[in-house]
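Residues per chain are reported as follows:
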Amino acid sequence: MLRETFPREKRVATVPDVVEKLRQLGFAVAIETGAGDAANFSDDAYRAAGAEVLPSAAAVWQAADIVFKVRPPTADEVALMHPGQILIDFIWPAQNPELMQQLAARQVTVLAIDALPRTLSRAQKMDALTSMAGVSGYRAVIEAANAFGRFFNGQITAAGKVPPAKVFIAGAGVAGLSAIGTAANMGAIVRANDTRAEVADQVTSLGGEFVKVDYEEDGAGGGGYAKVMSEGFQAAQRQMYAQQAQDADIIITTALIPGKPAPKLITAEMVRSMKPGSVIVDMAAEQGGNCELTVADEALVRYGVTIIGYTDLASRLAKQSSTLYATNLLRLTEELCKAKNGVAVVNMEDDAIRGLTVIKDGAITWPAPPLVVAPKPTPTATTAATPTAETKKKGGHGSSGPLPAKTLALLFAVVALAFWGIGAYAPAAFLGHFTVFVLACFIGYMVVWNVTPALHTPLMSVTNAISSIIALGALVQIAPPGTAGTGRPDELIRWLALAALVLTAINMFGGFAVTRRMLAMFRK
């Protein structure tokens, strides 16, 4: 692990806690002195975790078989690499073709953490882009709050009422969703937009309001990114952004398209229309910015609006970012060293590893072939897919038709005969209990059986808990009042009542526990 030399970069590629886990995989760990100082990780902390602290970057490059970094290596750093070395890093191969050629010439293997196939579910634990985007989204709101001249949440004070800030988020990817959640938790009124309609529910779940563009077009692209939209959509989107700019106090833009400059969403005219003291945080500043007036790595004021174009938002939370990034690299290392013997194996048959590997032993292997998507199941025949009237009759509680008249009459006769027999020969004390039992069965049938099946789980859990009132009857039978000399089989009844009490207790507490868990699923 090396100390980063990129301007304003404070992150480090691993942290002491992860050093211990790397050693458990069989690796010896070396780190350049001072590498973690900017992220508040001292050399002594690394030594305590078992790492060797080397005096210079050249010593680390010379000793290491695998090198972890955050920023792409400089030309001077590439010159220090030796054949067979493995570099794991943010590389951005599409934006850095010259760097790719320089690395290939050194006969090394390069795993670009930014090239991870993010659509693979098992690759999520290695997804450093998502980790850094989440941190950046949080920090963007903090920077906006710092530059904004008022509270985020509304307050009522002795001096008067303070309205809540209005925040508009352009783009609801990982960074945008992180910003939405942070701003909403701080009490602001949050609105957001994204070209992908499927993220609307995510925005709402985080406490935001999804603002839809009045134009029908799907903006979903590959790998979780948005695609370039049509001219018609962009015109409708600009109109919506113009309306939001006039109303919002803070705008945070996150829109990026892989391999292309950031789309221009906020024009100079929109900035001019914003209220004095408003703030724009342009998270796409490194790729040209979503605002026409953004200047990378600067915070400037135009038309009374503060425009923040910092490109090091993740680095401004260096300790948190480094911890998350180190964990992502640890998970990747576990995939490379499944034998836990300190030997990394770059398996090109593994979809995740193949996608990450942009150079293999000096040969450029980027871009990776597209992932093989499992074919969709073939739809069944129309006759099978379309339910008939007869099928609809049979499906679901409460949806079947009435019984035929003959069957209903026969059933009624059998039940009436059974009731007459019980009434004629059963003891008088039994009839009272039996009457309550029959009424309970009837009410339970009417309450439960005629309910839509989709509601049965929460309903049954509640009705089971309520029906456990039978526990009172069991308690009475364990110690019945005034039963001396009646000839009752007291011992047998007592043990049966005890068993009933145990079972109903499970039913009672379990019913309420299930209900509580199900209701919690619908709470924020």
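Just above, that's the structure.
Residues numbered from 1 in each chain as written. Predicted model: local features only at pLDDT ≥ 70, side-chain atom pairs only at ≥ 80, totals over all residues. Heavy atoms only, no water.

## Topic: the nonpolar core
Alright, step 1. Counting 45 residues, the largest nonpolar core has Ile-31, Ile-88, Leu-111, Ile-113, Tyr-325 and Leu-332 as its most contacted members.
Alright, step 2. When residues of this core are traced back to their parent elements, those giving at least two are α1 (16–24), α2 (43–49), β4 (86–89), α6 (128–147), α11 (318–336) and α12 (351–356).
Alright, step 3. Counting residues per element, this core draws most heavily on α11, which supplies seven residues.
Alright, step 4. Ignoring sequence-local partners within four residues, the contact set of Leu-332 consists of Ile-88, Leu-111, Ile-113, Met-126, Ile-353 and Leu-356.
Alright, step 5. One finds Ala-175, Ile-180, Ala-200 and Ile-308 within the second-largest nonpolar core, a separate group that totals 31 residues. (Core = buried A, V, L, I, M, F, W, Y, C linked by side-chain atoms within 4.5 Å. Buried < 20%, exposed > 50% of the residue type's maximum accessible area, 1.4 Å probe, protein only. Helix = DSSP H or I, 4+ residues; strand = E, 2+ residues; numbered from the N terminus. Contact = heavy atoms within 4.5 Å.)

## What to know about α1
Alright, step 1. Of the positions making up α1, those classed as buried are Pro-16, Val-18, Val-19 and Leu-22. Relative to the axis of α1, the buried residues are bounded by an arc of 150° and lie together on one face. The exposed residues of α1 that point more than 90 degrees off its buried face are Asp-17 and Gln-24.
Alright, step 2. Packing partners of the buried residues in α1 comprise α2, β3 (66–68) and α11.
Alright, step 3. Looking one or two residues past α1, Gly-26 carries a phi angle of roughly 100°, positive in sign. (Arc of directions from axis to C-beta.)

## Things to note about the sheet that holds β3
Alright, step 1. Sheet architecture is open: five strands sit in the order β3-β4-β5-β15-β16, paired in mixed fashion. Only two strands of the sheet have a single neighbouring strand rather than two, namely β3 and β16 (363–364).
Alright, step 2. Across four bridges, β4 lies against strand β5 (residues 109–112) in parallel orientation. Its bridge partner lying in β5, Asp-89 is registered against Ala-112.
Alright, step 3. In the packing of helix α5 (residues 97–105) onto the sheet, the strands contacted are β4, β5, β15 (357–360) and β16, and the crossing angle to β15 comes to about 40°. (Pairing = 2+ DSSP bridges. Axes fitted to C-alpha atoms, helices over the stretch in contact; angles between N-to-C directions.)

## What about the sheet that holds strand β12 (residues 279–282)?
Alright, step 1. Strand order in the open sheet formed by seven strands is β10-β9-β8-β11-β12-β14-β13, and the pairing between neighbours is mixed. This sheet does not close on itself; its edge strands, each paired only once, are β10 (209–210) and β13 (299–302).
Alright, step 2. Relative to strand β9 (residues 189–193), strand β8 (residues 166–170) runs parallel, the two being bridged by five bridges. From the neighbouring strand, Ala-170 faces β9, where its bridge partner is Asn-193.

## Description of helix α9 (residues 231–247)
One full turn of an α-helix is made of 3.6 residues, so residues set three or four places apart face in the same direction.
Alright, step 1. Here α9 is 17 residues long and its end C-alpha atoms lie 25 Å apart, about the 24 Å a rise of 1.5 Å per residue gives.
Alright, step 2. Every buried residue belonging to α9 is among Phe-233, Ala-236, Gln-237, Met-240, Tyr-241, Gln-244 and Ala-245, and all of these are buried.
Alright, step 3. In this structure, the buried side of α9 is in contact with β8, β9, β11 (250–253) and α10 (268–273). (Expected span 1.5 Å × (residues − 1).)

## Some points on the environment of Ile-364
Alright, step 1. With respect to the element layout, Ile-364 can be found in strand β16.
Alright, step 2. Sequence separation of Ile-364 and Thr-109 is 255 residues, and the distance between their C-alpha atoms is 9.0 Å.

## Digging into the packing of aromatic side chains
Alright, step 1. As enumerated under the stated definition, the model contains six aromatic pairs in all.
Alright, step 2. With centroids separated by 5.5 Å and ring planes inclined at 70°, the aromatic side chains of Phe-168 and Tyr-241 adopt a geometry described as edge-to-face. Taken together, the residues Phe-168 in strand β8 and Tyr-241 in helix α9 connect sequence positions 73 residues apart. Like Phe-168, the residue Tyr-241 is buried in the burial classification.
Alright, step 3. Above the face of the Tyr-310 ring, Arg-316 is positioned so that its terminal group lies 3.8 Å from the ring centre. (Phe/Tyr/Trp six-rings, centres within 6.5 Å; stacked < 30°, edge-to-face > 60°. Lys NZ or Arg CZ within 6 Å of the ring centre and 35° of its normal.)

## Re the packing of α6 against α11
Axes are the key here: two packed helices are described by the angle between their axes and the distance separating the axes.
Alright, step 1. Running from amino to carboxyl end, α6 crosses α11 at an angle of 165°, the nearest separation of the two axes being 9 Å. In terms of orientation, α6 lies roughly antiparallel with respect to α11. Of the two elements, α6 crosses α11, and the hand of that crossing is right-handed. Facing α6, whose interface residues are Ala-128, Ser-131, Met-132 and Val-135, α11 presents Gln-320, Ser-321, Leu-324, Tyr-325 and Asn-328.
Alright, step 2. Partitioning the contact of α6 with α11 into residue classes produces five nonpolar, four polar and no charged. (Parallel < 35°, antiparallel > 145°, perpendicular 65-115°, else oblique. Left-handed = near helix turned anticlockwise from the far one by under 90°. Nonpolar A, V, L, I, M, F, W, Y, C, P; charged D, E, K, R; others polar.)

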